[in-house]
Amino acid sequence: MTHSEDQTQSADDGARTAELAQRLSAVRQRILEAAEQRTEDRAHGGELPSLIVVTKFFPAQDVVRLRDLGVRAVGENKDQEALPKSQEVSESLTEREADTSEPVWHFIGQLQSNKAKRVVRYASWVHSVDRESLVVALGKAVGNHRAAVDQNDVAPGPAATADLKCCIQVNLDPEAEEDSQRGGAHPTRVAELARLIVDTDGLELAGVMAVAPKEGDPREAFERLWEISQQLQREHPGATAVSAGMSGDLEAAVAAGATHVRIGSDVLGPRPAVR
């Protein structure tokens, strides 16, 4: 790279970082203002909801920029993109020798059971646990990962030393059939899934997650999620996470008691064209 090309690259990096900083500030302000409007029973003792920036389709360098801007958690929907991206971010931060820890990776997309062994290599959270077979696969994957780490066969992921936090994805469509797994588990199946997670070595029941149905008022949907969360906590008091809200319905989710919000385009901008 020539000197002029290096200068151009530096200018582009600076412009992108400035853009992310501006967008991130606006989203954080929205979270703060929404949190100020919560009722006392949804305020979680005044603690603000955690921001998970969804980086799907965006490069690893954007994740590094976000980490420099104070973002602690990032989310990914597709394992085939997430694993190499997490490795690239780790290498980039290591090469800089900066005193910046790696982000916490949250897997938030639909997950095939046969991909569980890859997800445990980088993710600390899985928000999309929606069926018994996936719980079994994740538990087995954590156990196998820990055994491989003990044999020095693989680099240790977060699950090597800490249980994988699992949120049960709930289908909030009021017309969803009980045996349907599309869009999450039916509310009547949450208790059974929760017990299976608790009984599985290597997993920790964190709480619930949902996406508001495209049709209908998101406030009503997130109110249902809050009620499901309260029912869950009666049997599992530590399962307090309520993962809800995206760029378009952040305020409704926070008002309903969300502890985690998943924001993509409002922080990162329009998604780049998929090649």
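The rules behind the values
Residues numbered from 1 in each chain as written. Predicted model: local features only at pLDDT ≥ 70, side-chain atom pairs only at ≥ 80, totals over all residues. Heavy atoms only, no water. 1 Å grid on protein atoms, 1.4 Å probe; cavity = no way out; pocket = protein on both sides within 12 Å on 5 of 7 lines; lining within 4 Å. Points joined across faces, edges and corners; volume = space filled by probe spheres on them. Helix = DSSP H or I, 4+ residues; strand = E, 2+ residues; numbered from the N terminus. Contact = heavy atoms within 4.5 Å. Axes fitted to C-alpha atoms, helices over the stretch in contact; angles between N-to-C directions. Parallel < 35°, antiparallel > 145°, perpendicular 65-115°, else oblique. Left-handed = near helix turned anticlockwise from the far one by under 90°. Nonpolar A, V, L, I, M, F, W, Y, C, P; charged D, E, K, R; others polar. Salt bridge = Lys/Arg side-chain N within 4 Å of Asp/Glu carboxyl O. Expected span 1.5 Å × (residues − 1). Buried < 20%, exposed > 50% of the residue type's maximum accessible area, 1.4 Å probe, protein only. Arc of directions from axis to C-beta. Pairing = 2+ DSSP bridges.

A. Region of interest: empty space enclosed by the protein. Tallied over the full model, the rule gives 1 cavity of 30 Å³ or more. By volume, the largest cavity is sized at about 30 Å³. Every residue along the wall of the largest cavity is listed here: F222, L225, W226, V242, A244, A253, A256, G257 and A258. Element by element, the count of residues in the lining of the largest cavity is highest for helix α7 (residues 218-235), at 3 residues.

B. Geometry of the side chain of H145. Along the chain, H145 turns up in helix α5 (residues 132-150). When neighbours within four sequence positions are excluded, H145 is seen to be in contact with V120, R121, V154, A155, P156, G157, A159 and A160.

C. Focus on the packing of helix α2 (residues 60-68) against helix α3 (residues 79-96). Across the interface, α2 lies against α3 with an axial gap of 9 Å and an inter-helix angle of 55 degrees. Between α2 and α3, the crossing angle belongs to the class labelled oblique. In this structure, the crossing between α2 and α3 has a hand that is right-handed. Along the contact surface, α2 presents A60, Q61, V63, V64 and D68, while α3 presents K85, E88, V89, S92, L93 and R96. Classifying every residue of the contact of α2 with α3 gives 5 nonpolar, 2 polar and 4 charged.

D. Looking closely at the pattern of salt bridges. Applying the stated rule across the entire model yields 19 salt bridges. The shortest N-O distance in the salt bridge between E19 and R23 comes to 3.5 Å. Here E19 pairs with R23, and both are found in helix α1 (residues 3-36), just 4 residues apart, close to one helical turn. One salt-bridge network, in which partners are shared between bridges, spans D13, R16, E19, R23, D62 and R65.

E. Expanded view of α5. The end-to-end C-alpha separation of α5 is 28 Å, in line with the 27 Å expected for 19 residues at 1.5 Å each. If you check which residues of α5 are buried, you get L134, V135, A137, L138, G139, A141, V142, H145, A148 and V149. Residues of α5 that are buried make contact with α4 (116-119), β4 (123-129), β5 (164-169), α6 (190-198) and β6 (203-209). Note on α5: the residue one or two positions beyond its end, N152, has a positive phi of about 60 degrees.

F. Examining the environment of C167 more closely. Assignment of secondary structure puts C167 in strand β5. According to the relative accessible area criterion, C167 is buried, its value standing at 0%. In sequence terms C167 and A116 are 51 residues apart; their C-alpha atoms lie 15 Å from each other. Ignoring anything within four residues of it in the chain, the contact list for C167 reads W125, V126, H127, S128, V129, A206, G207, V208, M209 and A241.

G. Up close: the layout of surface pockets. Estimated volume of the largest pocket: approximately 1200 Å³. Q169, V211, A212, K214 and M246 are the residues nearest the centre of the largest pocket, which is lined by 41 residues in total. Looking at the lining of the largest pocket, the elements that each hand over two or more residues are α7 and β8 (260-263). Considering every element that reaches the lining of the largest pocket, the biggest residue donor is α7, with 3 residues.

H. Up close: α6. What α6 keeps buried is the set V190, L193, A194 and I197. For α6, the angular spread of buried residues about the axis comes to 100 degrees, placing them on one side. Looking at the buried side of α6, the elements it contacts are β4, α5, β5, β6 and α7.

I. Representation of the pairing of β6 within the structure. For β6, a buried count of 6 out of 7 residues is recorded, marking the element as mostly surrounded by other parts of the structure. Where β5 lies against β6, 6 bridges are found, and the strand directions are parallel. Bridge assignment links Q169 to a residue of β6, and that residue is M209. One ladder, built from 3 bridges, connects β6 with strand β7 (residues 241-243); its direction is parallel.

J. Expanded view of the environment of G245. Tracing the backbone through its elements, the reader meets G245 in the loop between β7 and α8 (250-255). A relative accessible area of 1% places G245 in the buried class. Placed 23 residues apart in sequence, G245 and F222 show a C-alpha to C-alpha distance of 8.5 Å. Excluding its chain neighbours within four sequence positions, the residues that come into contact with G245 are F222, A253, V261, R262 and I263.

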